[in-house]
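Below are the chains, spelled out letter by letter.
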Amino acid sequence: MLRRLMDNKAQAVMGEYVLTFFLVVGAVTAMTIYFKRTVQARMFGARNMMLNVVLNRTQGYYTGDILIAYEPYYANTASTVVHSSDTTTNLLPGATTGVFQKTTDEITAVQTQSETAPPKDAN
């Protein structure tokens with residue numbers, strides 16, 4: 001195959017292959033924005049479909065507006081935070097100019113319990 005490319009009759013073939021390759025890469029690069037927009041539109045459509053399903057299933061239970069955002073009434077979260085700190089200060093031996101050593105020991109413990117309520121319990 002390479003011998004054919006080296007013919008006097010086909011000297012421009014290699015250049016045409018390179019040009020075609022760069023045109024294809026340029027076209028694919030230009031199309032990525034359209035692929036990205038397509039994926040974003042499908043995600044937006046799926047979100048709207050899920051909101052419509054919730055609106056249809058909660059008809060009669062929930063009369064408020066369905067917001068297109070996170071609705072905090074769905075979650076009930078309780079957290080307990082315990083923080084303890086122990087500081088020890090020692091005067092170093094032989095130091096008369098106030099040289100000391102300070103040690104700090106801190107502990108933080110967090111316990112969180114979260115429940116998600118159904119939309120009918122929003123009120």
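Reading the values: rules and limits
Residues numbered from 1 in each chain as written. Predicted model: local features only at pLDDT ≥ 70, side-chain atom pairs only at ≥ 80, totals over all residues. Heavy atoms only, no water. Phe/Tyr/Trp six-rings, centres within 6.5 Å; stacked < 30°, edge-to-face > 60°. Buried < 20%, exposed > 50% of the residue type's maximum accessible area, 1.4 Å probe, protein only. pLDDT = per-residue confidence, 0-100. Helix = DSSP H or I, 4+ residues; strand = E, 2+ residues; numbered from the N terminus. Patch = residues over 30% accessible without salt bridge, like charges linked within 9 Å, V, L, I, M, F, W, Y side chains within 5 Å. Areas by Shrake-Rupley, 256 points an atom, 1.4 Å probe, with all protein chains shown as cover. Salt bridge = Lys/Arg side-chain N within 4 Å of Asp/Glu carboxyl O.

Undergrad: Explanation requested: the packing of aromatic side chains in the structure shown.
TA: For any pair of aromatic rings, the description rests on two quantities: the centre-to-centre distance and the angle between the ring planes. Inspection of the entire model under this criterion finds one aromatic pair. With a centroid separation of 5.5 Å and an interplanar angle of 65°, the aromatic rings of phenylalanine 21 and phenylalanine 22 are classed as edge-to-face. Take phenylalanine 21 and phenylalanine 22: they sit in the same class, and that class is exposed.

Undergrad: Even after reading the chapter, I still don't get the confidence of the model for the chain, so can you show me in this structure?
TA: In low-pLDDT segments, the atomic positions of the prediction should not be examined closely. On average, residues of the chain score 78 in pLDDT, and 72% of them reach the 70 mark or higher. Looking over the chain, one finds the lowest element-wise mean pLDDT in helix 1 (residues 2-5), namely 58, and the highest in helix 2 (residues 13-57), namely 88.

Undergrad: Explanation requested: a nonpolar patch on the surface in the structure shown.
TA: Taken together, the side chains of Met14, Tyr17, Val18, Phe21, Phe22 and Val25 define a hydrophobic patch exposed on the protein surface, amounting to about 620 Å² of accessible area. You can see tyrosine 17 is positioned in helix 2.

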